[in-house]
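Coordinate inspection notes
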Amino acid sequence: MQTLELCQGARARVVSVCSQAANLVWCEERPPLDTHSDVSKCAFRFCICARALDLGEQGVQQGPVRIVLHNCPEYRVLASPRHVFLVPASGSFATTSKFLLIWHPEQAKLTIAAPSAGFVHSKVLHSSSESDFRKLLLGSMGLLSALAPLDIHTCAVSSCGALLLVSRKGAVNVLEANGTQRHVFDLEAEPLAQGDAVELKTYGSILACVLAGVLYLVDQNSGRVIEKKILSMKEVHFLESPGEEDSIQFLAPTGIYSFSFSNPEDGGRPEPCLVEMVFEEACRYYQRRSLSSSKLTVEKLKKGGVFQAPVALTAILQHSLHQKQKPARGLQDTYAKLLSTISLELQSYLSLELLKTCVVSASESEVESYCEELVEQEVSRVLHSDMDKDNLAYLNSVFTSFPRAAWKATRSCLQLQQNGDGLLVARATPEVWKKVLGGPQQEEVGQNGVVPLFELICASFLRFKPKWLPNFVELTQQYVSISWPYSSKEGPEGRVPLYKRALGVLARKSKHSEVDDELELELLLCSKRPKAVLQALHLLICLKQWQRVVEVAEKFSKLSPLLNKEIFTTLLAEFAQHRELDPYLDTLWPLCPAELSTSDILTVVLQHLPCSRQDPMPFTSEGNQLTVGLLKPLLQRVMQRPRIQDEMYSDALQSPTFPPPTPPREHKNPPKAAGSNAPQPAGARTSASALVRGDTV
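Per chain, residue numbering runs from 1 following the sequence as it is written. Since the coordinates come from a predicted model, pLDDT governs what is reported: local features require at least 70, and pairs of side-chain atoms require 80 or more to be given and counted, while whole-chain, interface and lining totals use all residues. In computing side-chain properties, one takes all heavy atoms of the structure into account and sets aside hydrogens as well as water.

As annotated in an unreviewed UniProt entry, the chain is HPS6 biosis of lysosomal organelles complex 2 subunit 3 from Meleagris gallopavo.

Structure below.
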């Protein structure tokens, strides 16, 4: 219809061109006037130009030429609705092939993006003098020179305005207009050669990719391969099909073909990824419980008809997911009851998917609030499901990527708050507590950086609320004592005590401070275990915090007689070595166990007396020597205490009469001899009558 002359110079040549809105954007080669120029000048002989086109009654009118970038290397220009991507050509200079350029016409801004290194830098071009390529890179050359060259085999623009990149290794990535990159999926092929043709095209959320006669249909959001078809031709070219996202039209050497990637029974929509996930999860579930050596696949599961659970669940999901899109098909009566049972879980899933969509399309100010809500729902979902290795690894990534949001989600799921006395209380259900404490342990998850859930929560406490950590450990111990028998190997206390696991999290901190020392003491004391209490007592002695030493001794001596004896013996040994405990003797002496005698006390004291320095004087000049006067109140207290042997016979010694009265005796008259009338002696009669009367003979 009309021919337009883009370049103004006679020697200029267009190497790449695209249409962006009402503009034409192209990369123009302008050879240097001097034919003997050096290699560096020849490499930067290109410029990026733009020209507005006005369609009128008399044809197309061209606007003035605008120089976007000059003195630059060769670029391939690709236009999206609002941006223009500048991709380095394959033969570009080595230094300039390490990054991409993105031009924003509406903002007159150029963005430098090195996706693999996460480098993004933008600069507004206020005047033509700032559009020089070398000046643009002046502040970034030190960083860009250390990067590796871009690995780009094929590139194309998606329908949403992003740049699709295929690497030589077959990895397909999406580069957004803000310079961020996201991995989609990997092609099942060997490393791509220079002549291997790869065609890319997006249809809504579906990415179509053709390589070596194989058509891949991929969900861009999840990276899942929806369908894979083998074509009868090797080379195809995708055609535009506006308004038709359910079919693909492509040009082949033998004609134009149309391919529908939907199932007619599903109302013209591809099968949801959630349905595929149900069958894949069912495969793993049944395979673990199968005694057969044959591998179970999704196709066998769908066609076999033996396992009805995944079939019923997928029918319910398809019924529910299609309600908002098209009129839903009727659901079998046998599934209606199951639908009513899982309606709350299904509604939670749909709201979660809606929230994910809001996060993608939200502004920067709204992303944080959406992420917090999303993390809370994800943490709650995992805590109410089976805590296996995969879920635990997923929670580790969530806590690492969104630490503050994960901390808020943990407080919400465990319902942690302080009561009126300032103590930490939790109102979590027993099921949640079992997930926190009874999930995979460190020896089960391996050494790949994944830590158990209890350690994850302790690390969150340590980062955002360290003062609550000892109270949290105490709460978990209370729950363990209720839910698992003492020293049960199934419970968490049967492996490594909870306070030791919390101490392990504390020890992994990169920087140690006085606050950490205090936390270590509190964690040892909150466990109320004898060894931990004694360890805390020794730490306080090393820190010479004598007031706290006495307070701990007074508090924990009441737990058990054995711990009381250990604490008192430890403090008595310290008392024998120095005079720091002298102001607290009135508090320490009542802690003396009942089984300690004066000889036991003197033995401990003599064993821990400091070594003498051969001082000839009976008293040293330092004034810190132990004297009998300091020990006298303790020895008097022990001597005045009733002995254990006396207490054993106290009941007998305090009886009203001693010895006890003689019990009454019964005497029987001896039988008389038959026919014996012989008279008895008088003494004998007197004794017999006295015995009958009970008199003392």
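Read on, since the account is not over.
**Brief notes about the overall build of the chain**
A helix here means a DSSP run of H or I that spans at least four residues, while a strand means a run of E at least two residues long, and both kinds are numbered starting from the N terminus. Helices and strands together make up the secondary structure of the chain, namely 26 helices and 22 strands. A burial count over the chain gives 40% of its 697 residues as buried. Residue contacts are defined here by distance: any two heavy atoms, one from each residue, within 4.5 Å place the two residues in contact. Sequence-distant contacts in the chain: of pairs separated by 6 or more residues, those separated by 24 or more amount to 49%. Total accessible area computed for the chain in this model is approximately 42,300 Å², and 54% of it derives from carbon and sulfur atoms. Buried, partly exposed and exposed residues are distinguished by accessible area as a fraction of the type maximum, computed with a 1.4 Å probe on protein chains only: under 20%, between the cut-offs, and over 50%, respectively. Each accessible area is a Shrake-Rupley estimate made with a 1.4 Å probe; only the visible protein chains count as cover when residues are assessed.

**A word on the packing of helix α20 (residues 561-577) against helix α22 (residues 598-607)**
Two numbers describe a pair of packed helices, the interaxial angle and the distance between the axes. Interaxial angle, 0 to 180 degrees, is taken between N-to-C directions of lines fitted to C-alpha atoms, where a helix line uses only the stretch in contact. Two elements in contact, α20 and α22, have axes separated by 8 Å at closest approach and are oriented at 55°. Classified by the angle between their axes, α20 and α22 sit oblique to one another. For the element pair α20 and α22, the recorded crossing hand is right-handed. Along its contact with α20, which presents T569, L572, A573 and A576, the element α22 presents I601, V604 and V605. Geometric relationships in this document are graded by angle, where less than 35 degrees denotes roughly parallel, more than 145 denotes roughly antiparallel, 65 to 115 denotes roughly perpendicular, and other angles denote oblique. Should the near helix be turned anticlockwise from the far one by less than a right angle, the crossing is termed left-handed; should it be turned clockwise, right-handed.

**So, unusual backbone geometry**
Glycine aside, the phi torsion of most residues is negative, and most peptide linkages are trans. If you check the backbone angles, Q415 has positive phi at about 55° while not being a glycine. Following the sequence through the fold, Q415 ends up in the loop between α11 (403-414) and β21 (416-418). The exposure class assigned to Q415 is partly exposed, which follows from its relative accessible area of 39%. Although it is not a glycine, K544 adopts a positive phi angle of roughly 60°.

**Some thoughts on empty space enclosed by the protein**
Within this scheme a cavity is a closed region of a 1 Å grid, computed over the protein atoms alone, that accommodates a 1.4 Å probe without allowing it to escape, whereas a pocket is open but has protein on both sides within 12 Å along at least five of seven lines; lining residues each have an atom within 4 Å of a point. Grid points are joined across faces, edges and corners, and a volume is the space filled by probe spheres set on the points. A full pass over the atoms with the stated rule returns three cavities of 30 Å³ or more. In terms of lining, the largest cavity is formed by V379, L383, L395, F399, T410, L414, V436, L453 and I457. Looking at the lining of the largest cavity, the elements that each hand over two or more residues are α9 (364-383), α10 (389-401), α11 and α14 (453-464). Looking at side-chain class alone, the lining of the largest cavity contains eight nonpolar, one polar and no charged residues. The nonpolar class holds Ala, Val, Leu, Ile, Met, Phe, Trp, Tyr, Cys and Pro. Asp, Glu, Lys and Arg form the charged class, and all remaining residues, Gly among them, are polar.

**Describing the packing of aromatic side chains**
Note on ring pairs: Phe, Tyr and Trp rings are taken, using the six-membered ring of Trp, and paired if centres are within 6.5 Å. Classes follow the plane angle, with under 30 degrees stacked, over 60 edge-to-face and the rest tilted. Here the structure, examined in full by the defined rule, presents eleven aromatic pairs. Summarising the aromatic geometry, the rings of F250 and Y257 are spaced 6.2 Å apart at their centres and angled 25° between planes, so their arrangement reads as stacked. Here F250 falls in the buried class, since its relative accessible area comes to 5%. We classify Y257 as partly exposed; its relative accessible area is 34%.

**Quick word on the environment of L519**
With respect to the secondary-structure elements, L519 resides in helix α17 (residues 514-527). Through-space distance from the C-alpha of L519 to that of P466 is 7.8 Å; in sequence the pair is 53 residues apart. Among all residues touching L519, those that are not within four sequence positions of it are L462, P466, P470 and L506.

**Re the sheet that holds strand β14 (residues 198-203)**
Strand pairing is defined by DSSP finding a minimum of two bridges between the two strands. As summarised here, the arrangement of the four strands in space is β14-β15-β16-β17, forming an open sheet in which the pairing is antiparallel. With one partner strand each, in any of the chains shown, β14 and β17 (225-230) form the two edges of the open sheet. Neighbour-to-neighbour, the strand axes of the sheet open up by a mean angle of 15°, direction not taken into account. Across six bridges, the pairing between strand β15 (residues 206-211) and strand β16 (residues 214-219) is antiparallel. Its bridge partner lying in β16, I206 is registered against D219.

**Some remarks on the pairing of β17**
Across a regular strand the side chains alternate sides, sitting on one face of the sheet and then on the other. As defined by bridge partners, β16 adjoins β17 across five bridges and the pair is classed as antiparallel. By the bridge assignment for β17, L217 is matched with E227. Between β16 and β17, which follow one another and run antiparallel, lie five residues, and G223 among them has a positive phi close to 75°.

**A look at the sheet that holds strand β10 (residues 154-157)**
The sheet built from four strands is open, its strands ordered β10-β11-β12-β13 with antiparallel pairing. Each edge of the sheet is formed by a strand with only one pairing partner; in this case those strands are β10 and β13 (181-186). The mean inter-strand angle of the sheet, taken between neighbouring strand axes irrespective of direction, is 20°. Taken together, the five bridges between strand β12 (residues 171-175) and β13 define a ladder with antiparallel strand orientation.

**Description of α17**
By this rule the span expected of a helix is its residue count minus one, scaled by 1.5 Å. The end-to-end C-alpha separation of α17 is 21 Å, in line with the 20 Å expected for 14 residues at 1.5 Å each. Residues of α17 that are buried: D516, L519, L521, L523, L524, L525, C526 and S527. Positive phi appears at K528, one or two residues downstream of α17, with a value of about 60°.

**A word on the pattern of salt bridges**
In what follows, salt bridge is the name for a side-chain nitrogen of Lys or Arg lying within 4 Å of a carboxyl oxygen of Asp or Glu. By the definition in use, this model includes eleven salt bridges. Ionic pairing is found between D582 and R579, a salt bridge with its closest N-O pair at 2.9 Å. Judged by its relative accessible area of 16%, R579 is buried. Taken together, the shared-partner salt bridges connect R13, E29 and R45 into one network.

**Some remarks on α22**
Count 3.6 residues to each turn of an α-helix, and residues three or four apart come out pointing the same way. Within α22, the full set of buried residues consists of I601, V604 and V605. Each buried residue of α22 lies within a common arc of 100° when the element is viewed along its axis, so the set occupies one face. Relative to its buried face, α22 has exposed residues pointing more than 90 degrees away, namely L606 and Q607. In this structure, the buried residues of α22 make contact with α20 and α23 (628-640). Each direction from the helix axis to a C-beta atom contributes to the arc, which is the arc of those directions.

**Notes on the confidence of the model for the chain**
The predicted coordinates ought not to be read in detail in places where the model reports low pLDDT. A residue's pLDDT is the predictor's confidence in that residue, given on a scale from 0 to 100. Per-residue pLDDT for the chain has a mean of 76; in total, 77% of the residues score no lower than 70. The low-confidence segment residues 324-328, where pLDDT is below 50, has four contacts with residues more than four positions distant or belonging to other chains. This model gives residues 680-697 a pLDDT under 50, and the stretch forms four contacts once residues within four places in sequence are excluded.

**Concerning the side chain of R579**
With respect to the secondary-structure elements, R579 resides in the loop between α20 and α21 (585-588). In the analysis that follows, any N or O atom pair within 3.5 Å is treated as a polar contact, provided that within protein one partner can donate a hydrogen and the other can accept it, and provided that, for residues neighboring in sequence, both atoms belong to side chains. A polar atom in the side chain of R579 sits 2.9 Å from the side chain of D582.

**A few points about the pairing of strand β5 (residues 75-79)**
Here β5 pairs with strand β6 (residues 84-88) via five bridges, running antiparallel. Note on β6: the bridge partner recorded for A79 is V84. Connecting the antiparallel pair β5 and β6 is a turn made up of four residues.

**Structural notes on the side chain of E574**
Tracing the chain through its elements places E574 in helix α20. No salt bridge is formed by the buried E574. Its closest oppositely charged neighbour is K544, at 9.0 Å. Looking at E574, its side chain comes within polar contact range of the side chain of H578, at 2.8 Å. Excluding residues that lie within four positions of it along the chain, E574 makes contacts with I541, W546 and L581. For the purpose of charge, His is not counted, nor are the chain termini; Lys and Arg are scored as positive and Asp and Glu as negative.

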